[in-house]
Amino acid sequence: MKRFDLLIHGAEQVVTVAADGARAKAGAAMRDLRIIPHGAVGVSRGLIAYVGPAEGVDIGDAERVVDASGRTVLPGFVDCHTHLVFAGGREKEFARRIAGATYEEIAASGGGIAETVRATRAAPRPDLVEGALERLDSCLGFGTTTIEIKSGYGLDEENEIKLLEVVAELRELHVVDVVPTFLGAHVVPPEYRDRRGDYVALVTERMIPEVARRKLAESCDVFVERGAFTMEEGREILAAAVRHGLRTRVHADQFTAGGGAELAAEFSALSADHLDHAGPESLARLRESGTVAVLLPGVSLFLNQPMPDARRILDAGVPVALATDMNPGSCMSENIQLMGSLAAMQMRMSLEEVVVALTLNAAAALDRSDRVGSIEVGKKADLLVFDVPSYEHIFYHFGVNHLTMVVKNGFMVLEKGYKEA
Ligand SMILES: [Zn+2]
């Protein structure tokens, strides 16, 4: 039997993002990509079995060899924040916003999330599965090999469970690893507008116990924001999640400083997401709690708002990840590579920080950086081969997909024009 099932050989660069056991990278470590020039990656039984110089390996030792000369190998991207399961488009609202209406004005007039909730509640389950599978194919095409998907367009017991069951089905049907999050506390649904407490009780006393009992989600998220949930309501919801063994995350300080980041720190949440308006004290607390800051530049682009101040968050020593926030209302895109380009061009993240934010740190936000997010022996063989001679080109030559191959769990699941050695 040969040593490797698959060998990617002679790559111009293997960008390992090796972390030597660290959960995430922060500060100066985010600029350390641990690149191997003229490198090779050997795969055995779905796991990485060798990473190092190409000179050190015999191509006769592999069942299949890919000649990666002139190409760059990266770990599979991890999209750690999406709302990928939904029905109905919001292209009309998009047009309204372009004409001048704000996101909050649209929400106040019954559009926005409420519109997606109506369409999603009405959608038959197979339609939701089919739509999400197409989007997952699109994600994979941009190099996403692990993805988080939130519920949050059901907003009643039946439909929130339905959405998480759809996510469970996607886990069976699609090669991309799908990580489910319960977001019953996305917004207060219209029918509970005058009795918010009853909705919070529904989330904490019925939905969370059911989701946890059936293992339909790994974590519980809450949108702490004016027009969504207060810090106190968020605390009640996250406390219930913790009681039932779920991890926590928070949509925090997106439009206003509403205490979301502090709440995330208080619960040692896996991630605090958005953070456009988080103050310096909140950032210091996030660093202490080991929470990953997930920044979503696609949302700022889509809503024509200022980009999150990444430098301030990076300089505070908080590990930063990037994600699409793929959803019909505030970022209708699966293109994780574009988020890297935006972060570099508009948020002054260095290209090294961008790579770490799309891989290891995003994996940490999903509590998976021990298995994915870097090219290290023993980790899952989730690998991307780009037809460019260095990682800088991926984000520099932007709006173009340079990906030529995706390896998922050791299998070539996507390839165009690869060369057999
Ligand atoms: Zn979101």
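Criteria and cut-off values
- Residues numbered from 1 in each chain as written.
- Predicted model: local features only at pLDDT ≥ 70, side-chain atom pairs only at ≥ 80, totals over all residues.
- Helix = DSSP H or I, 4+ residues; strand = E, 2+ residues; numbered from the N terminus.
- Rg over C-alpha atoms; globule rule 2.2 N^0.38 Å.
- Buried ≥ 20, exposed ≤ 12 C-beta atoms within 10 Å, placed from the backbone.
- Core = buried A, V, L, I, M, F, W, Y, C linked by C-beta atoms within 7 Å.
- Domains from an automatic or database assignment.
- Contact = placed C-beta atoms within 7 Å.
- Expected span 1.5 Å × (residues − 1).

Caption draft 1: Just the overall build of the protein chain, in detail. What the protein chain contains, in helices and strands, is 15 helices and 17 strands. Taking 22 Å as the expected radius of gyration for a compact globule of 421 residues, we find that the protein chain reaches 21 Å, a close match to that expectation. Counting only C-alpha atoms and orienting by the principal axes, one finds that the protein chain spans roughly 70 × 45 × 45 Å. Within the protein chain, the fraction of its 421 residues that count as buried is 56%.

Caption draft 2: Region of the structure containing the nonpolar core. Among the nonpolar cores identified, the biggest contains 143 residues, and I8, V73, A343 and A362 are the most heavily contacted of them. When residues in this core are grouped by element, the largest group, seven residues, is from strand β1 (residues 4-15). Taken together, domain 1 (4-75 + 374-420) and domain 2 (78-365) each give at least three residues to this core, which thus spans both. Other than its neighbours up to four places away in sequence, I8 contacts A40, V41, V66, A68, V73, L383 and V385.

Caption draft 3: Region of the structure containing the environment of L133. Locating L133 in the fold gives a position in helix α4 (residues 125-141). Sequence separation between L133 and H174 is 41 residues, and the spatial gap between their C-alpha atoms is 7.1 Å. Leave out the neighbours within four places in its chain, and L133 touches L170, L173 and H174.

Caption draft 4: Region of interest: helix α12 (residues 336-347). End to end, α12 covers 15 Å across twelve residues, agreeing with the expected 16 Å (1.5 Å per residue, within 8%). Taking burial as the measure, the twelve residues of α12 include nine buried ones, the bulk of the element. If you check which residues of α12 are buried, you get I336, Q337, M339, G340, S341, L342, A343, A344 and M347. The positive-phi residue at the C-terminal boundary of α12 is R348, with phi of around 55°.

Nothing here speaks to function; it is all geometry.
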